[in-house]
Structure formats: structure tokens, C-alpha cells
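Summary of structural features
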Amino acid sequence: MQVSMTVNGQQRTDEVEPRMLLAHHLRDNLGLTATNIGCDSTSCGACTVIVDGLTVKSCTVLALQAEGSEVTTLEGLSTDGEMHPVQAAFRSEHGLQCGFCTSGMVMASIGVLADNPNPTDREVREGLEGNLCRCTGYHNIVQAVLKAAEAGPAAGQVPSSQQEVSA
Amino acid sequence: MSILGTRVVRTEDPLFLTRGAVYTDDLTDPRLAGAVHATFVRSTVAHGTVTSVDTSAAAEAPGVVGVYTAAELGDLPPVAPPLPFLDAGFSRPWLVGVGERVHFVGDLVAVVLTEERYQGEDAAEMVVVDIDPLPAVVGTAAAKTDGTILFPAVGTNKVAAFGEPAPEDFFADCEVVVRREIVNQRVAAAPLETRAASAAWGEDGRVTIWCTNQGAQQAKGQIAGWLGLDPALVHLITPDVGGGFGAKIGADQEYAFVAWLAQQSGRPVRWTESRSENMTGMLQGRAQDQVVTIGGSRDGRVQAYSLEVSQDCGAYPRIGTVLPTLTMLMAAAVYDIPKVHAQATCYVTNGTSIGAYRGAGRPEATAAVERAMDLFAAEIGMDPADVRRKNFIPTFTEPTQTSSGATYDSGDYEAALDRVLQAAGYDELRAEQARRRERGDTRQLGIGVSAYVEITGADSGHGTSENAELEVHADGTATVLTGTSPHGQGHATTWAMLASEQLGIPVEKITVLHGDTDRIPDGGGTMGSRSLQQGGAAVHQAAVELVEVARKRAAELLEANPDDLEVDLANAGLSVKGTPGVGVTWAQLAADEQLIVQTTFTANAPTFPFGAHVAVVETDVESGKAVVTRLVTVDDAGTIINPLLAEGQRHGGIAQGVGQALLEEILYDEDGNPQTSTFADYPFVSATELPSFELVEMATPTPMNPLGAKGIGEAGTIGSTPAVQSAVVDSVAHLGVRHVDMPATSMRVWRAIQEAQKGSTN
Amino acid sequence: MIPSQFDYVRVSTVDEAVAALAEHGEDAKILAGGHSLLPIMKLRLAVPTVLIDISGAQELNYVRVDGDQVAIGAGTRHHDLEKSEVAQAEVPLLPHVASRVGDPQVRHRGTLGGTVAHCDPASDLPTALLALGATVVVAGPNGRREIPITAFFLGFFETAMEEGELIVELRVPRTGSAGWGYEKFTRRENDWPIVAAAAVHLPDGSVGVALANMGGVVLRAEAVEAALAEGKSIEEAAALAAEGTSPSSDMHADVEYRSHLARLLTQRALKVAAGETEASTAESTAA
């Protein structure tokens, strides 16, 4: 079946099997491999992307369910070569090691800050309850989210996607 | 000012954070164009004889390029156990054939190749495997009876034994003796990236294999050996690796199989396992049943300690079989105990094979002796911190041999304990605990103290050596080739810092390459916390040597005496002493002639990082649920090159220890069926179950390498696991509880309280 | 892991959904948020041949006061229920329980109708709905009908819905500022409950009490409710919480421990509902 969605500001129309998961569509059809798949059970959150302003686990959404939606992945966060405040904070606070959870963790963190611009340590942890990391012990991820919060509302937003980017 | 010891942010991160790292499943290498996808058909029975494998329906399924069973393997010999002293009867077939036995849920029976990823799962589901079940051997207690034998040709489930029984009078002089069976449970390493491999054969007759692994060179050697290939024909690349924690040490058979399938099918092949597959197929860790016996006098002095280990090796013996020797070596830990006994016996069972997991043999030693110390303290009614203090090895700066046979490099265990107790506010914690106990609060406080020492940089197949190549280019940039294999540790940054320190080239201009056997034929990979002290030391040594090479050339060029030249870090080159304007840069020298050094650093011996942890838990005594509220740690790994990254290693280690102490355990039912084969079932520790950590600094340099650095990758886990377990026991000690096995789940804690209240010992 | 193949039908109204169900028969499944269905399809524990996607049916997204009840469209996502000011004011138990389901990403997708239709015995929101004595409104080929929630959950993953029907609305009493408590016991914060207890003071003066994961379906703690109605104390009533239950034994809890938890959590939920104590949280109060 045909599916159309806006991914990182770019309109994409593709032919997919009905069972194609959004995560595989992003990775295999659109070549956006920052979004990783770490489990089968909607547990790990590595595949978290933002669909219409809300974080979702793209391994548990059919590509067809994103018809007409705006999808943002890690690759769509930087603007004009400038990192998103959450990306920058993950770097400065050493919030990533192997990097496999990072894409989902960054997207989920933006979701946390969209919901609560000034979270406490505990609120960050609760906001990230759906994202697993084996390397960092979460300590520096929490620090990164708290640091990103200092950047103000931009930390809880994704770049607006009016611009149509050519393929 | 030196760059060493500063918090340099990672050079890896901009790409990781904007485009994402490139893991094996992400590869778009042109050599993989047109690749088919491999999907394995695995046994769903833990132990049994295969009676039929019907692939006829699968062969007709859409997109299927090939279906392979044991009948299609030709003369491919089974894979012998990785340790030469093990009976070849424990060999693992590539695919279990009709008439042969499967030995665990996850054993390989068939494989399908399909044009597309999704087609593979459909086709694999159509392969019909009939298995006549046999009784399953779950755990070492069942294995050691030999009631059911996994490998009849071997004749016993016993794989290996190390050490001798203790003499009968071992504890004869002790006023107090405490004995206890404890469990160091089977856990999953659970790196977020599951296993994956790809392979493509070139027209030159060579195969390129990409796989997620902690040591390309070792994996290449194994794969070439298993497939009977000339190693010169194998090119192995480890792209970005999404965590390993020990479970990605050594090649897995699936990786070699992918290369074989590519050869057979004449197509490049890709394989990425699912998490469910990973939770049965990937090496798991720990899995020791232990008996600790500790004896001493009522004044707190420990006189004798014995550790008996039964190691569950899983179905096919892998590296886990020898890890108990590390447990034995480190049995005495930080303590000056006159008599220490340790022995281990290893058994096959119908579970996933056991390999290394963060700490690999050493956490088991620490958990055992720390539990023993607590039991001893409880028995004589002494504060656990005081008992430890009474028995520490005194501060030493020269190599010191322990009664379990290890030679430690440097240590100051009492200072580590003092620092952590002070930072935690130990006395105030005890006072708060007393208040809560007096009030009979529902939420009781538990305080756990651990002290540890571990061995890092031990020989894990590559001696105590690592090599490095350093080249400065004419454009002023530099390239480092290393035999280590970072998968999150940040070597690209730290190795660049070490080169920058000597050469003055900014870290951003230094590229670090690893994990490509054509470019770096030799290397020991990243395991056993060896990388900085050996690989980093090699980079340091290469930079020092490069300066000397450059000095000779510069002396000729400048017509100066080499001794009159000094390193000019600001200009990234050499200048004439006292004449700062006169000099030459590395880049200029490189423009004239290649400026490159290859070197090997060999450490005299392994190093022994140490530390002390305090864990605080709150336990709801009505439900038994314990929550970790604080973790305060001293982790002394000698000189720290990049504190930002060293702290990250500590954080991750601490968290995994909490996971083991409180939550995580691989479980099987009595038929050997895994009960924890997804992340929904396996309680991987998450952010909500952890506090932020309180790290205390301490650095006692080692004389074993010029950096003064010891390993830091595993220490956090080794210290935190017993501290948390001890804290849980402590939180309910006033109710009569002396011990709760890991993971200290709420049901276990609740039941321990019930039984203690009934008056039975637990 | 990926689901088996299926056909996909997108509908935008309830009538279209009913028609599609009639057309495709028993192998068709309704897809809303997909967070109950897709996970079991990926494990191939469910193999529907047709999915009818109703997530575009805007008529199912609402939370509104309707007389002495609150009516909630089946397509309401957990996140929207959690944030609904109407729900927070009129039936605060529900938005709280919605906030305890899974994790934020799950709450952004999962729907109230979906979790009720899925009929998992460990599910949070069905437990709360049961305590509230909700009414399930279903639509089918013969129009709409109402099913009391006490008659809805029949067995393990089995409901009173008939072939061709789908849930369109949940109706609950307006409890306003009356007391309520929800005690969820998990290993990790975002896990399914090992046991959970919901208690809520209802407009008719009774107290509704329900339990998660104490049998093949979510259960009403009838013995507790009866004891409270007779004027027994919270302690006395809660001691009866395991009566009439049939908990399973698994790696998290055996029957004895689950029964203990049912009593403990019921007592705590009742005390919170009575305003005697604060809700338990995992958050530390340590020094």
C-alpha cells in the first residue's frame, strides 16, 4: 500500500507492506538508521521518534498508521549545523557511550521537556521510564536532560518542518 | 597545562548525536549490495533428539533463496570448545541434525536465506522441526548428579575442576565459623545492540565479515579456524558496536556461519538477531552456585575463608568455564586472611552458554567474600565496616602477594573505606536507621558496605601487550591505529588526548581507527578493563617514540644537535632550545618523508583497582520491596586520563551491579524453557530504579605502566553488587534476616522476613 | 520480530468500522493505538488476517460530562485521558491511573477502548473502570448496546463482545472530589503490576474496590466491598481481599505472596481513599 508522511520536513511517499513497522520503514526504506531497534516488546525505547509532536516507539507503530503525519527522527533535530539543545547537552554531559540507545533517548528527552520544561531528577527518570540504556547507568543522561532544560522551551521542541527539502 | 586529567568531551559524539552511529545492521557498504537475509531456526526444546526437519514448505515460501539443515553442511566439522583442555565431545554442531541432540532452547537447527528481511521470519516459521524431548538439566545441582548426561560421549556433565578440597581441619582453630550457600545468579549482558553480522566474498577470493564484537583480530582468527580458511583470506571489520559487556568477546558461531552461507549461496548475507533470539543465543554471565565458609575470633579477626564454586557453563562450554579461576585468584580480595581456600567445578546444563559479563569472575569473588564478611559480622555482633577494617591488607606500594595467589600492585583499602564512609555520612545513616527501627517504620533503612579489589589487564589471549601505530600527516592531522576495540568507552577521544599530550596536535585533528583486521592485523580488543593501561599506554609510547624519530630528522634539517631540540607543543613540532622562532613542525617533517611509528607496549603485570561502596536502600517491610536511594562510591583506578569518561564507566558499572543485586535473573522452568526471553520479562534495570550516584575521588597510581592507570570498566559493578545486596539484608536484619539471595526481589525479602519471624533461620 | 502478513483497512467512522468487521469476519481485528495488539502480533501470538484501523475515527476521541456520568470515547489515548481537565475534575481516579500505564510513549498511543478490549488481567485502566462500575458501550451490526463492566471481562483475554462488535464508549460515574486510591505494585516503575488495587468512593455511598492480576481477569473485590458496606473497618475489610480470587504463580509472585499483596494494597488504597494516608510512591524519602 502507499503511505505518505513528512519525515524531518521532507514529504515522503512510498509503497509498503501493511505490516511494515514504522521503525523499519524509516531505516530500510528511508535510510534513516539513527533510529535503532533494541527489543521486540515495546520495552527499550531505542526506536523512539516523534510523531505529530508526541514520542512514540516506532517498532510498535505501522508505517501506515503514520499516514499524513509529521515524523521527526534524530537526523532531523539539528538546524543549520547547530545541534538541538538536547543533543548538545548529551555531548557536554557525556550522556552517551555506545550510542545505541541514544537516538531514542534524545527523542524521549525532548518529549520529557515538552511535557515538563523544568523537571526534577526524579521526574526526568520517570519520563525516561520507557527507555533502556546499558552503558551510562542513566546518571549522565539525567544530567543531560537537566542541562538541556536550561536552554528553555527550545529543548522541548523539534524544528518546524514547513521547509520541503529535496531528496 | 596538560590535557591529561581534563574533562574532554568525546570526539565521537557529534556524529553519534546527529546522524547516529553506524552499527552492523546500518551498513550500506557497496559490497553488501544485493545481500540476502539469514534467519535461523532454533530449537524450542531445551534437551532432546531431533527426529525430523521438514523444510519443504519453507523452500517454496516467497523470497526464499536457500534453506540449509545439517544435511547441507557437507564436511564442515563441528566447533570444538574454545579451550584446549576441554573434551572434544563438548563440540557444538553448526546445525543439529536428525538423530542428534539439541542442548538448549536456541540451539541452531536450520537457516533460511531470503531476499527480504520480513520474508525470513515467515519462511523460518514454516520449517517443521520434531524433537523427542529428554529430561532437561537446569542448574548445577541437577547437573552434578549426572542423572541425565548431556553429552553421552563424554560420559559426565562435569567439564572441568580447579583446586582441591580444603583440609578437614581448615577451620579447627576458629572460635566462630559461619557457612552459607549463596547464589550468584545467571544474568544477561543485554547490550542494546543485539548480535549482527554480514559477509561478502570478493572476486579476489577473500571474504569481508562485518560483525558487532569486542575484538576483531581474535574473532577473525576463530572464524578462519572454524571454517578452515587461510586467515589471509579473511578481512573482519567491527563497525560501531552497541555495547558488549563481555558477551561480544570472541566470535559467535552465527558470525562464521554467515560467512559460510555467503560462500555457499554466492550472495552477500546479512543477519541481525531479534531480542528474543539474543536472550537465548548470546552468552550470559555469572551463574555460580557458591558455598562460603568463614571462621575467626569474636574480636573480629578472620582466620580462615573457603569458597567452593559450582559453575554453570550452559550447554556448550565457552569462556565461562575458566572464569571461576579468576574467582579463585581473587578469593581473598582486600583481606589479609591467613588461610584462604578456593575451588571450582564446572558443569554443562541445558541453558545458554556462559561467557564473560562485566567483571567476569571477579564480581563473583567479591560478592562471596563480602557476603561472608557480613555473615561473620552479624554472627559476632560487630559493625560490618569495623570487621572489614580489622581485616584489610595494610596499605602497600610494592607488589604484594595474597593468600589466594594474586600479586597486587598497589592498594590502600582502608583509605578507600574511610573516604566512602565519610562521604556517605555513615554514622548519621546508622543513627537514622536506629530511629526508624525504634519507631517500627514501614520503610526501614538498610546500609550496605562493600570493599573490593579486582584484576584488570590480565592476559585475555593477547598477553599484557597492545600495539599502536601513530602517523602525523603533512596537513598537520594525525592518525592512530589501535588494537583495542571501543564500543562506548571513548577511545577515539582518550587515545587522541594521549597523542596530543606529547605532540600538541589538537584532539579534533587526531583520528583513531580500530577494528579492521586489514589495517590493524594485531590487537587484543577491549575486554578485562585492559584498554587504557595497555592500548592507551601503547599510544603514549608511540607518541614518545615519534618525537624521537622526528628529533633525528629535525636535527638534520635544522643542522642542530638533537639534544638542543625541544618539543614545541604550541606549534606542534620541535624548536631549538632558547630560540623559539627556529623550529620545524611535525607536518613539515611529514611532508618530507612519512612520519610514522609502530610500537608495542607490554605491561609488566596486570593491575588491581580497588574501592569501597556504600549503598542505602529503603525497604517496605510490609511488601518486601527495596528501593535504592543512594550509592556512594570510591573507585580507585590509578591515574585518570579523562575524568568525564572514567566517571561514565563507573556509572554504568554501578547500575549493572544494582540490576543484578535487585532485579535481574535469567530463569528457566523445569523443562529448561526460558522464562525471561524478552525485555518485557527480563527486568533490565531502568532509570526509575536508580538514584543519581555520588562518586568520591581517589587515585593511587600503578607502577605497571607509564600512565599510572588501572582499569575502570568493570570496577563499579564489582563494588555495587554486594553493597546493594548487603543493604537489603541490613534493612531487615533487625527482623532476624541474615541473608537474601540475589536478585533481592520483593517476594524474596518478604519471605525472608516471614521465615525469620517464625523463628527459622534463613 | 514482525507480524505475519495481513490486509489493512482504514476507516474514519464507527459505521465504517462495523461494516468492515461484518465484511471481513472473525479473522479481522480492530486496530486503534495498537499497543496491545501489535506486540502480540510481532510475537505471532495473534495472527489476524485483516486489521481495521479506527485511529482516524475522530468521533471516538472525547471526554465529556453526560448527566451524572462521564462519557469517554473509546479512541481516547491514555495521554489525553491523563491530561483531560474534565476527567481530572469529575473522575480523578481515571487520569491518575492513565498516568501509571506503561511509559510516556505507550501512553501517547494506547487507547482506553483498546486496553478494555484486550482484556489483560494485569491491566491498570480496566481495574479502575471495574472499581468505578463503568458501563461499556459497544457498537455492532445491530446497533449499540451497553454492557456493565462487571459482566464484560469473561476470562483470560475473553470479553462479552460478540463477533462484529467494537467498543465505542466507556461511561463512569462522576465521583468528583470523593476519595480514591490506586496502589500498583511492580518490579520497575513501568512494568505491568504484579498486583494492583483500586478503591473509589462512589456517588451511591458505596466503595468500589477492584484488583489487577489476581485471576484470569481483573476482579471486583466483592468480599471487601461487602464488609465495608456492613461497616467493617478498613483493616477488617482489606483482610478479605484475596477471597474469591484465583491468582497465578509466576516468577514474580506465588499465590501466597500475591494474596498478601492483594490484602496489603487494598488496605493502602482504601486508606488513601479515606484520606488517612498518602499514596505510596517509589520515590525515596531517605536522608
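Residues numbered from 1 in each chain as written. Chains lettered and ligands numbered in written order. Predicted model: local features only at pLDDT ≥ 70, side-chain atom pairs only at ≥ 80, totals over all residues. Heavy atoms only, no water.

**Considering the overall build of chain A**
Within chain A, the regular secondary structure consists of 5 helices and 5 strands. Ordered by position from the N terminus, the helices and strands of chain A form the series β-β-α-β-β-β-α-α-α-α. Scaling as 2.2 N^0.38, a compact globule of 167 residues should have a C-alpha radius of gyration of about 15 Å, and chain A matches this with 15 Å. In terms of principal-axis extent, the alpha carbons of chain A reach across some 45 × 35 × 25 Å. In chain A, which comprises 167 residues, the share counted as buried stands at 65%. Expressed as a percentage of contacts within chain A between residues at least 6 apart in sequence, the contacts between residues at least 24 apart total 60%. On chain A, roughly 5,200 Å² of surface is accessible, and the fraction owed to carbon and sulfur atoms is 44%. The average position of the 9 basic charges and that of the 19 acidic charges among the side chains of chain A differ by 10 Å. (Helix = DSSP H or I, 4+ residues; strand = E, 2+ residues; numbered from the N terminus. Rg over C-alpha atoms; globule rule 2.2 N^0.38 Å. Buried < 20%, exposed > 50% of the residue type's maximum accessible area, 1.4 Å probe, protein only. Contact = heavy atoms within 4.5 Å. Areas by Shrake-Rupley, 256 points an atom, 1.4 Å probe, with all protein chains shown as cover. Lys, Arg positive; Asp, Glu negative; His and termini not counted. Charge placed at Lys NZ, Arg CZ, Asp CG, Glu CD.)

**Describing the overall build of chain C**
A tally of regular secondary structure across chain C gives 11 helices and 14 strands. A principal-axis box enclosing the C-alpha atoms of chain C has dimensions of 55 × 45 × 40 Å. Counting every position in chain C, which comprises 287 residues, the buried fraction comes to 62%. Of all intrachain contacts in chain C linking residues separated by at least 6 positions in sequence, the fraction that spans at least 24 positions is 62%.

**Considering the interface of chain C and chain A**
Across the boundary between the two partners, chain C contributes 34 residues, which contact 29 residues of chain A. The three residues of chain C that bury the most area against chain A are Lys42, Gln105 and Arg109 of chain C, which together make up 23% of that side's buried surface. Linking chain C with chain A are 4 salt bridges, by the criterion used here. A salt bridge links Asp103 of chain C to Lys57 of chain A, with the nearest nitrogen and oxygen atoms 2.7 Å apart. At the level of secondary structure, the elements contributing two or more residues to the side of chain C that touches chain A comprise strand S1 (7-10), helix H2 (37-42), strand S3 (50-53), helix H3 (78-83) and helix H6 (104-109) of chain C. A total of 6 residues in the side of chain C that touches chain A trace back to one element, the largest contributor, which is H6 of chain C. By residue class, the composition of the side of chain C that touches chain A is 13 nonpolar, 10 polar and 11 charged. (Buried area = accessible area lost by both parts, 1.4 Å probe. Salt bridge = Lys/Arg side-chain N within 4 Å of Asp/Glu carboxyl O. Nonpolar A, V, L, I, M, F, W, Y, C, P; charged D, E, K, R; others polar.)

**Describing the state of the cysteines**
Should the sulfur atoms of two cysteines be covalently bonded, the bond is a disulfide. All names here are of chain A. Inspection of the entire model under this criterion finds 0 disulfides over all chains. Here Cys44 stays unpaired: no disulfide links it, and the sulfur of Cys39, its closest cysteine neighbor, is 3.9 Å away. Its sulfur unpaired, Cys98 is 3.8 Å from the next cysteine sulfur, which belongs to Cys135. Given the relative accessible area of 6%, Cys98 is considered buried. (Disulfide = S-S within 2.5 Å.)

**Regarding unusual backbone geometry**
Each neighbour pair has its own omega, and for Met742 of chain B with Pro743 of chain B the value is -15°, a cis peptide bond. Structurally, Pro743 of chain B is set in the loop between helix H17 (715-731) and helix H18 (746-758). In this model, Arg44 of chain C sits at a positive phi of 60°, which is unusual for a non-glycine residue. Positionally, Arg44 of chain C belongs in the loop between H2 and S3.

**Side note on the domain arrangement of chain C**
Interface size is commonly expressed as the accessible surface area that is lost when the partners come together. All names here are of chain C. When the domains of chain C are assigned, the result is domain 1 (7-53), domain 2 (60-173) and domain 3 (180-273). Each of domain 2 and domain 3 was reduced to a C-alpha centroid, and the two centroids are 20 Å apart. Counting residues at the interface gives 27 residues for domain 2 and 23 residues for domain 3. Roughly 2,100 Å² is buried in total at the junction of domain 2 and domain 3, and carbon and sulfur atoms are behind 67% of that figure. Summed over the shared surface of domain 2 and domain 3, the number is 1 salt bridge. Linking Asp124 and Lys184 is a salt bridge whose minimum nitrogen-to-oxygen distance equals 3.1 Å. (Domains from an automatic or database assignment.)

**Looking at the UniProt feature "domain: FAD-binding PCMH-type" (unreviewed entry) in chain C**
Per the UniProt annotation, the sites labelled "domain: FAD-binding PCMH-type" (unreviewed entry) are residues 1-177 of chain C. For the annotated span residues 1-177 of chain C, helix accounts for 33% and strand for 26% of the residues, and the straight-line distance between the end C-alpha atoms is 46 Å. (UniProt positions renumbered as here; feature names shortened; annotations may be inferred.)

**Digging into the domain arrangement of chain A**
All names here are of chain A. You can read the domains of chain A as domain 1 (2-74) and domain 2 (85-156). Here the C-alpha centroids of domain 1 and domain 2 sit 21 Å apart. With 17 residues of domain 1 at the interface, the matching set in domain 2 holds 13 residues. When domain 1 packs against domain 2, close to 1,100 Å² is buried across both sides, 61% of that on carbon and sulfur atoms. Run the count over domain 1 and domain 2 and you get 0 salt bridges. Along the contact surface separating domain 1 from domain 2 lie 6 residue pairs in polar contact (both at pLDDT 80 or more). (Polar contact = N/O pair within 3.5 Å; in protein donor to acceptor, adjacent residues only side chain to side chain.)

**Here's the deal with the sheet that holds strand S24 (residues 579-585) of chain B**
All names here are of chain B. In space, the 3 strands of this open sheet follow the order S22-S23-S24, with antiparallel pairing throughout. The sheet is open, and its two edges are formed by strand S22 (565-568) and S24, each paired on a single side. Strand-to-strand twist in this sheet, taken as the mean axis angle between neighbours without regard to direction, amounts to 40°. Bridge count for strand S23 (residues 573-576) against S24 is 4 bridges, and the pairing is antiparallel. Each bridged residue has a counterpart across the sheet, and for Leu574 the counterpart in S24 is Val584. Packed on one face of the sheet, helix H14 (residues 531-558) meets S22, S23 and S24 and runs near 120° to S22. (Pairing = 2+ DSSP bridges. Axes fitted to C-alpha atoms, helices over the stretch in contact; angles between N-to-C directions.)

**Quick word on helix H1 (residues 22-29) of chain A**
An α-helical segment advances 3.6 residues per turn. Residues three or four places apart therefore align on the same side. All names here are of chain A. Burial of H1 is extensive: 6 of the 8 residues sit out of reach of the surface. Turning to H1, its buried residues are Leu22, Ala23, His24, His25, Leu26 and Arg27. Just past H1, the residue Gly31 takes up positive phi, approximately 70°.

**Re the interface of chain A and chain B**
Listed per partner, the contact involves 49 residues of chain A and 54 residues of chain B. Summing both sides of the interface, chain A and chain B together bury roughly 4,300 Å²; the carbon and sulfur share of this comes to 55%. Across the contact surface, chain A and chain B share 5 salt bridges. Of the residues assigned to the side of chain A that touches chain B, the class counts are 18 nonpolar, 18 polar and 13 charged.

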